[in-house]
Amino acid sequence: MSDFPKNAEEARADRDVTREELTETLDALGRKLDVKARVNDNLDAKVDQASEKIAEKVSEPAAQKFRQGAEVVRANPLPVFAGVLALLVTIRLIMRKRSSS
């Protein structure tokens, strides 16, 4: 019971510390729950990694084209994702049709 504040000043200080800790906890939780930001961060990291690997393997003009494409993906991730998904579905349907023939 020695943790209980003895006077109003200690109670205020304890309240302020608790409020700070709660704010930090809620901020951290908010960052974890912000799925869109986490996905964008992850996408940016993956694009950067791919850009570095491409730049090591190909000529500078080709690497520059890839960087430009990566910027398009960063600016419009949803349409690019939808296009890739549509392409994959189309390929899957073609493969299924060929295997059943």
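Residues numbered from 1 in each chain as written. Predicted model: local features only at pLDDT ≥ 70, side-chain atom pairs only at ≥ 80, totals over all residues. Heavy atoms only, no water.

## Thoughts on the environment of Q64
Working step 1: Relative to the elements of secondary structure, Q64 occurs in helix α3 (residues 60–75).
Working step 2: Through-space distance from the C-alpha of Q64 to that of K53 is 13 Å; in sequence the pair is eleven residues apart.
Working step 3: Only 3.1 Å separates the side chain of Q64 from the side chain of R67, close enough to count as a polar contact. (Helix = DSSP H or I, 4+ residues; strand = E, 2+ residues; numbered from the N terminus. Polar contact = N/O pair within 3.5 Å; in protein donor to acceptor, adjacent residues only side chain to side chain.)

## A few points about the packing of helix α2 (residues 35–57) against α3
Describing two packed helices takes the angle between their axes plus the distance from one axis to the other.
Working step 1: Between α2 and α3, whose axes approach to 9 Å, the crossing angle comes to 170 degrees. Relative to α3, α2 is oriented roughly antiparallel. Counting all contacts with α2, which are made through L43, D44, V47, D48, A50, S51, I54 and A55, the residues of α3 involved are A63, F66, R67, A70, V73 and R74.
Working step 2: Here the residues of the contact of α2 with α3 are counted per class, giving nine nonpolar, one polar and four charged. (Axes fitted to C-alpha atoms, helices over the stretch in contact; angles between N-to-C directions. Parallel < 35°, antiparallel > 145°, perpendicular 65-115°, else oblique. Contact = heavy atoms within 4.5 Å. Nonpolar A, V, L, I, M, F, W, Y, C, P; charged D, E, K, R; others polar.)

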